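So you can see what is in the structure, the chains are spelled out below.
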Amino acid sequence: MYRLSFIAGILIILATIIACTPEESSQQDQENKPEARSNKESTRDATTSSSTEQATKPSPSVGEAVDVGDLSIRVFDVRAETTVDFISDRAASPEVRESSGEYVAVDYVAENTSGAPVILETEATIEDSQGSSYPLDETIDVRSGGETAAAELGPAEKRASTMFFEVPGGTTPTQLNLENSGEQVKIDLTGNSRSEIPSDDYLYVYHAYFNQRAYKEIYEMLDPATTQGITLGVWLMYFESVWGQWYLSLEALTPISSTPSEASYQMDRTFYGTDDSITTNSVVQEMFKDGDEWKLILRDDQANDILAAQAPETTGPEITSPETTLAEPSPAPGPDPDPDPDPDPNAPIPNDPSLPSGGIDCSTSPSNIPVVPGSDGDGDDDGVACEE
């Protein structure tokens, strides 16, 4: 009897040990695998970190180049215009678009990053600070060029252009959405990375502006120290007199020298006249970096041509009969297609031209009247009264 009880007790103890062994073994195995536990936690942390980084990665901003499809797009500037004047290509007549609100103009430089010709064509919308979206106005086409196909870019070729979006007045654009070849990008229009814009992009935009009548924007790209007394009013008067008479195409841009603060380029250009004339022109353009932006140095011959064209007439036929005989008007100045290669450094610069001053009522006068700086209606002393 005693032996049977002893045997039964041993069996109960063995059963208890066998029942507990799997659980204890499992716990011990987990405790003996710190590396596996660490790897699992590391993978989870890496996934969380990657998701957070992707969600918080900032969008490219104005001045940064971004790849979309076969193109690299760099937004150069964002402007507001109530009226858009433009010439689409060398065979076209000037066109105008007026808005009941305003246009947001997004200037950009596109580069073909593929090994084959591509069409400069993108789908685009902009968004404002309220989340509203506005489509690209495709009736304003300023992508064309000279001898090349209207909107085709060869491998590594660049071209400047502008996208126009009609929006309500006072709209603040915050984001540009681009799509090309099935790829999409978003560009932050409130960010500023203009220090990244290379000097040659300024020259592409500079020439594109002439065909958009963006003369004030061109003037602001110049080095003030080399304008030699040419006020904004004089500048506008000169170029307004030739608006619509020719189309300017930048055919080639060849770097001559370049440092982080200075650059010079050989520019080959073509002027296509409305009279079917074609004038080629090759000049050297020097530039320097002023803060975050590049400035174009205005050549002496250019300054002299502009000032001479605006100088008042000093001679003319006198009145010889009761009929009033006035001096014949001087012809409109040309676009300076062939500057003097050896200008006389001692040649005197004509005095500033006589401009209207005083008595200007902006409520009845047209906009952007060239005047003597500080005249009535010229509140910022820049030589232009009744500015839009």
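Residue numbers run consecutively from 1 along every chain, following the written order of its sequence. Reporting in this predicted model follows two pLDDT cut-offs: at least 70 for local features of residues, and 80 or more for side-chain atom pairs to be given and counted; totals over whole chains, interfaces and linings ignore these cut-offs and use all residues. Each side-chain value is derived from all of the structure's non-hydrogen atoms; neither hydrogens nor water enter the calculation.

K.L.:
Tell me about the pairing of strand β4 (residues 95-112), residues and numbers included.
P.N.:
Here the rule is simple: two strands pair whenever DSSP picks up at least two bridges between them. Counting from the N terminus, the helices are the DSSP runs of H or I reaching at least four residues and the strands are the DSSP runs of E reaching at least two. Where strand β3 (residues 71-86) meets β4, 14 bridges bridge the pair, whose relative direction is antiparallel. Residue pairing in the sheet places Asp 85 in a bridge with Val 96 of β4.

K.L.:
For the packing of aromatic side chains, give the residues involved together with the corresponding values.
P.N.:
Pairs were defined over the aromatic rings of Phe, Tyr and Trp, the Trp ring being its six-membered one, requiring ring centres within 6.5 Å. Orientation was assigned from the angle between planes: stacked under 30 degrees, edge-to-face over 60, tilted for the rest. Tallying each qualifying case throughout the model produces 12 aromatic pairs. For the ring pair Tyr 103 and Phe 164, a centre distance of 6.5 Å and an interplane angle of 90° mean the geometry is edge-to-face. In this pair, Tyr 103 is assigned in strand β4 and Phe 164 in strand β9 (residues 158-167), connecting sequence segments 61 residues apart. Residue classification places Tyr 103 among the buried positions, given a relative accessible area of 3%. Seen from their ring centres, Trp 235 and Phe 239 are 4.6 Å apart, and the 50° between their planes marks the pair as tilted. Any residue under 20% of the maximum accessible area for its type is buried, any over 50% is exposed, and the rest in between are partly exposed; the area is computed with a 1.4 Å probe on protein chains only.

K.L.:
Give me the lowdown on the nonpolar core, citing residues and values where you can.
P.N.:
Think of a nonpolar core as a cluster: buried Ala, Val, Leu, Ile, Met, Phe, Trp, Tyr and Cys residues, connected wherever their side-chain atoms sit within 4.5 Å. Phe 210, Tyr 215, Ile 230, Trp 235 and Phe 239 are the most contacted members of the largest nonpolar core, which has 47 residues in total. Where this core is concerned, the elements lending two or more residues are α3 (199-210), α4 (215-220), α5 (232-240), β12 (246-258), β13 (262-273), β14 (278-290), β15 (293-296) and α6 (300-310). If you tally residues by element for this core, the top one is α3, at 8 residues. Of all hydrophobic cores here, the second largest spans 25 residues; its members include Val 62, Val 75, Leu 120 and Ala 151.

K.L.:
Got a sec to walk through unusual backbone geometry? Specific residues and values, please.
P.N.:
Positive phi, close to 55°, is recorded for Ser 181, a residue that is not glycine. Judged by relative accessible area, which is 55%, Ser 181 ranks as exposed. Phi is positive for Arg 213, which is not a glycine, with a value near 60°. Relative to the elements of secondary structure, Arg 213 occurs in the loop between α3 and α4.

K.L.:
Go over the sheet that holds β3, please, and point to the residues and values.
P.N.:
Overall, antiparallel pairing links the 4 strands, which are arranged β2-β3-β4-β9 in an open sheet. Both outer strands of the open sheet, β2 (65-68) and β9, are each paired with one neighbouring strand and no more. Averaged over all pairs of adjacent strands, the angle between their axes in this sheet comes to 45°, without regard to strand direction. Pairing between β4 and β9: 10 bridges, direction antiparallel. Opposite Val 104, over in β9, you have Phe 165 as the bridge partner. In this description, contact between two residues means that some pair of their heavy atoms is separated by no more than 4.5 Å. The angle between two axes is taken between their N-to-C directions and runs from 0 to 180 degrees, where each axis is a line fitted to C-alpha atoms and a helix contributes only its stretch in contact. On top of the sheet, α3 reaches β3, β4 and β9; it is set at about 30° to β3, its chief contact.

K.L.:
Describe the environment of Val 66, with residues and values.
P.N.:
Among the structural elements, Val 66 can be located in strand β2. Considered as a pair, Val 66 and Lys 186 are 120 residues apart in the sequence and their alpha carbons are 9.2 Å apart.

K.L.:
Run through the environment of Val 384, naming residues and quoting values.
P.N.:
Relative to the helices and strands, Val 384 is located in strand β17 (residues 384-385). Under the relative-accessibility criterion, Val 384 is labelled buried at 1%. In this structure, the C-alpha to C-alpha distance between Val 384 and Asn 368, residues 16 residues apart in sequence, is 5.5 Å.

K.L.:
Summarise the side chain of Asn 281; cite the residues concerned and give the values.
P.N.:
Here Asn 281 is to be found in strand β14. Here Asn 281 falls in the buried class, since its relative accessible area comes to 5%. At 2.5 Å, the side chain of Asn 281 forms a polar contact with the side chain of Arg 269. Polar contacts here mean pairs of N or O atoms no more than 3.5 Å apart (in protein, one a potential hydrogen donor and the other a potential acceptor; neighbouring residues in sequence count only if both atoms are side-chain atoms).

K.L.:
If you had to explain the pairing of β3 to someone new, which residues and values would you point to?
P.N.:
For a regular strand, side-chain orientation follows a simple rule: the groups alternate between the two sheet faces. Pairing of β2 with β3 involves 4 bridges; the strand directions are antiparallel. Within β3, the position partnered with Ala 65 by the bridge is Arg 74.

K.L.:
Talk me through the packing of α5 against α6; I want residue IDs and the actual numbers.
P.N.:
Two elements in contact, α5 and α6, have axes separated by 10 Å at closest approach and are oriented at 80°. The angle between the axes of α5 and α6 places the two elements in the roughly perpendicular class. Of the residues in α6, those in contact with Val 234, Trp 235, Met 237, Tyr 238 and Phe 239 of α5 are Asp 305, Ile 306, Leu 307, Ala 309 and Gln 310. Looking at the contact of α5 with α6 residue by residue, the class counts come to 8 nonpolar, 1 polar and 1 charged. Note on terminology: angles under 35 degrees are roughly parallel, angles over 145 are roughly antiparallel, angles of 65 to 115 are roughly perpendicular, and the others are oblique. Gly falls in the polar group here, along with every residue not listed as nonpolar (Ala, Val, Leu, Ile, Met, Phe, Trp, Tyr, Cys, Pro) or charged (Asp, Glu, Lys, Arg).

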